Amino acid sequence: MVTCTAPVNIAVIKYWGKRDNDLILPINSSLSVTLHQDQLKTTTTAAASRDFTEDRLWLNGEEADVGHPRLQACLREVRRLARKRRGGSAEDTAPLSLSYKIHIATENNFPTAAGLASSAAGYACLVSALARLYGVEGELSEVARHGSGSACRSMWGGFVQWQRGERPDGRDSLAHQVAPETHWPELRVLVLVVSGEKKQVGSTAGMQTSVDTSPLLKHRAEVVVPERLALMMRHICERDFEGFGQLTMQDSNQFHATCLDTFPPIFYLNDLSRHIIALAHRFNTHHGCTKVAYTFDAGPNAVIFTLADTVAEFVEVVRRSFPPATNGDQFVRGLPVGSASLPEELLAAVVTEPVLGAVRYILHTKPGPGPQLVDDPSQHLLGADGLPRHCA
């Protein structure tokens, strides 16, 4: 039995569109920031036993379909690598028979499928746990990609590029680390959770429609992204927040423009998302430079990048702009946030019409490491009998 945790990642140069749906090969490279697992993580326990009669899977305490094609693809791929490592014939002498049935339990400490990259963390975690279980080492981002494209980026910490690759078999479509999480210690991330609802158009279906119908997406993948990728890596390398922030916002906007250019159009942003975008621009304009940068994935929740010295002030601006509904729930979660008093001129320029209770909560986090092995056996999600310890 093995337990691992894995992180969420947020793309600053977005992945949208596959050139091969079965192998999950992207039409463009992408670049992301891995978020810290103290705030957002998936935990997965995988166990194999001669006593298990069938493969089984539990998601957040509920039994789920273990026959899901992408999950099966990851399982198949890890077992293939394990067989290869054992030289094909030594299976019987191996400590763990590849023919044993497997039980998998996985939990997120954040809402699933609400545009917070749960599938990326989930598949990265699954592959990390299976690889440990079967004694497989080495390049695992390609295996994780078979589960969810963006999962390959969650196999690394810090700043990560998923290279598009050229080969039809996808062997060169891999993720690698551009810089570790320690590279930019002042960088902070605020997740503004406006909705924990499941999105109406899932990413897989959405991006296929975009590939089929959006000429803007084709231009983006072929012309825009390669330039932006090189630029973004430079901004990260130089810790240039002005450049990093502007490009992050521009790329988010273009991704959502390609969704609008899809036919029929896809809307992942809602009125509240647009409110937050306008607020960020007013805040930056007031300061005369880029202090905060928003990015949105396939959902309405905003991810705001900023530097540590801006966090308290911007959180207070959000609190004034979207006063929390008094439900006693903590409005700011995650890393501690200091208090800030806002000057009158900032309030007048930035906080226009407050919308009550629109932002459910703010999660304060920062860049973090890749998947971790959990050594403490009390943290296993499965008991000695191979069944979930506690059901949600």
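You'll find the structure just up there.
This one's a predicted model, so the numbers in the text were calculated from it and none came from an experiment.

Undergrad: Explain the overall build of the protein chain to me, please; I cannot follow it from the model alone.
TA: The number of helices and strands found in the protein chain is 9 helices and 17 strands. Relative to its length of 392 residues, the protein chain is compact, with a C-alpha radius of gyration of 21 Å against a globular reference of 21 Å. Principal-axis analysis of the C-alpha atoms places the extent of the protein chain at approximately 75 × 50 × 40 Å. Taken across its 392 residues, the protein chain has 56% of its residues classed as buried.

Undergrad: Where do I start with the pairing of strand E14 (residues 302-307) in this structure?
TA: A regular strand places its side chains so that they alternate between the two faces of the sheet. Most of E14 is tucked away, with 5 of its 6 residues classed as buried. Relative to E14, strand E12 (residues 187-193) runs antiparallel, the two sharing 6 bridges. Residue leucine 187 lies in a different strand from E14, and its bridge partner there is leucine 307. By the bridge criterion, 4 bridges tie strand E13 (residues 292-295) to E14 in an arrangement that is antiparallel. Its bridge partner being in E14, threonine 295 is matched across the sheet by valine 303. The turn linking E13 back onto E14 is made up of 6 residues.

Undergrad: Looking at this structure, how should I read empty space enclosed by the protein?
TA: In this approach the atoms are scanned with a rolling probe the size of a water molecule, which exposes any empty space left behind. The final tally for this structure, using the stated rule, is 2 cavities of 30 Å³ or more. Quantified by volume, the largest cavity comes out at close to 50 Å³. Lining the largest cavity are Trp58, Gly61, Ala105, Thr106, Glu107, Leu381, Pro388 and His390. Ranked by residue count, the leading element in the lining of the largest cavity is strand E9 (residues 101-108), at 3 residues.

Undergrad: What's the story with the sheet that holds E13 in this structure? I'm lost.
TA: Hydrogen bonds between backbone atoms are what pair the strands of a sheet, whose relative direction is either parallel or antiparallel. In space, the 5 strands of this open sheet follow the order E13-E14-E12-E16-E15, with mixed pairing throughout. Whereas interior strands pair on both sides, the edge strands pair on one side only; in this sheet they are E13 and strand E15 (332-334). Averaged over all adjacent pairs, the angle separating strand axes in this sheet is 25°, with direction ignored. Examined bridge by bridge, E12 and strand E16 (residues 361-365) share 5 bridges and lie antiparallel to one another. Looking at the pairing, valine 189 lines up with threonine 365 of E16.

Undergrad: What is the right way to look at the side chain of threonine 262 in this model?
TA: The residue threonine 262 is located in the loop between helix H6 (241-261) and helix H7 (271-287) in this model. Judged by relative accessible area, threonine 262 falls into the buried class, the value being 1%. For threonine 262, the contacting residues outside a window of four places in its chain are Thr209, Ser210, Thr213 and Ser214.

Undergrad: So what exactly am I meant to see when it comes to helix H5 (residues 215-237) here?
TA: Helical periodicity: at 3.6 residues per turn, an α-helix aligns residues three or four positions apart in one direction. Over its 23 residues, H5 runs 32 Å from end to end, which matches the ideal 33 Å to within 8%, given 1.5 Å per residue. A maximum bend of about 45° is found in H5 at valine 224, where proline proline 226 lies one to four positions downstream. Three or more residues of H5 are buried, namely Leu217, Arg220, Ala221, Val224, Val225, Arg228, Leu229, Met232, His235 and Ile236. Among the residues of H5, the N-terminal cap falls to serine 214, whose side-chain oxygen and the backbone nitrogen of leucine 216 are separated by 3.3 Å. Where H5 ends, the next residue or the one after it, arginine 239, has phi of about 50°, a positive value.

Undergrad: So what exactly am I meant to see when it comes to the packing of H5 against H6 here?
TA: When two helices pack together, you describe them by how their axes are tilted relative to each other and by the distance separating the axes. Put simply, H5 and H6 touch, their axes get as near as 11 Å, and they point 165° apart. As summarised for this structure, H5 and H6 are arranged roughly antiparallel, according to the angle between their axes. Judged by the twist between their axes, the crossing of H5 over H6 is left-handed. Packed against H5, whose contacting residues are Pro215, Leu216, Leu217, Arg220, Val224, Arg228, Leu231, Met232, His235 and Ile236, the element H6 presents Gly243, Phe244, Leu247, Thr248, Gln250, Asp251, Gln254, Ala257, Thr258 and Asp261 at the interface. Residues that form the contact of H5 with H6 fall into these classes: 10 nonpolar, 6 polar and 4 charged.

Undergrad: Is there a simple way to explain the packing of aromatic side chains in this structure?
TA: Any two aromatic rings considered together are summarised by their centre-to-centre distance and by the angle between their planes. All told, the structure shown has 10 aromatic pairs when counted by the stated rule. Ring geometry for phenylalanine 241 versus phenylalanine 244: centroids 6.0 Å apart, planes at 45°, classification tilted. With a gap of 3 residues between them, phenylalanine 241 and phenylalanine 244 both fall in helix H6, about one helical turn apart. No difference in accessibility class separates phenylalanine 241 from phenylalanine 244, as the two residues are buried. Taken together through their ring pairs, the aromatic side chains of Phe159, Trp184, Phe241, Phe244 and Phe305 make up a single cluster.

Undergrad: I tried to follow unusual backbone geometry on my own but got confused; where do I start?
TA: Note: most peptide bonds trans; most residues except glycine with negative phi. Here the amide bond leading from phenylalanine 263 into proline 264 is cis, since omega sits at -5°, within 30 degrees of zero. Along the chain, proline 264 turns up in the loop between H6 and H7. Phi is positive for isoleucine 24, which is not a glycine, with a value near 55°. Along the chain, the position of isoleucine 24 falls in the loop between strand E3 (18-20) and strand E4 (25-26). Even without glycine at this site, arginine 239 takes up a positive phi of about 50°. By the element assignment, arginine 239 lies in the loop between H5 and H6.

Undergrad: What's the story with the pairing of strand E7 (residues 56-59) in this structure? I'm lost.
TA: Where E7 meets E9, 4 bridges bridge the pair, whose relative direction is parallel. Residue leucine 57 lies in a different strand from E9, and its bridge partner there is isoleucine 104. Pairing geometry for E7 and strand E8 (residues 62-64), over 3 bridges, is antiparallel. Of the residues in E8, the one forming a bridge with leucine 57 is alanine 64. What sits between the antiparallel neighbours E7 and E8 is a turn of 2 residues, in which asparagine 60 has the positive phi angle 50°.

Thresholds applied
- Residues numbered from 1 in each chain as written.
- Predicted model: local features only at pLDDT ≥ 70, side-chain atom pairs only at ≥ 80, totals over all residues.
- Heavy atoms only, no water.
- Helix = DSSP H or I, 4+ residues; strand = E, 2+ residues; numbered from the N terminus.
- Rg over C-alpha atoms; globule rule 2.2 N^0.38 Å.
- Buried < 20%, exposed > 50% of the residue type's maximum accessible area, 1.4 Å probe, protein only.
- Pairing = 2+ DSSP bridges.
- 1 Å grid on protein atoms, 1.4 Å probe; cavity = no way out; pocket = protein on both sides within 12 Å on 5 of 7 lines; lining within 4 Å.
- Points joined across faces, edges and corners; volume = space filled by probe spheres on them.
- Axes fitted to C-alpha atoms, helices over the stretch in contact; angles between N-to-C directions.
- Contact = heavy atoms within 4.5 Å.
- Expected span 1.5 Å × (residues − 1).
- Bend = angle between axes of the 7 residues up to and from the residue.
- Polar contact = N/O pair within 3.5 Å; in protein donor to acceptor, adjacent residues only side chain to side chain.
- Parallel < 35°, antiparallel > 145°, perpendicular 65-115°, else oblique.
- Left-handed = near helix turned anticlockwise from the far one by under 90°.
- Nonpolar A, V, L, I, M, F, W, Y, C, P; charged D, E, K, R; others polar.
- Phe/Tyr/Trp six-rings, centres within 6.5 Å; stacked < 30°, edge-to-face > 60°.

Remember, this is a structural readout, not a statement about activity or role.
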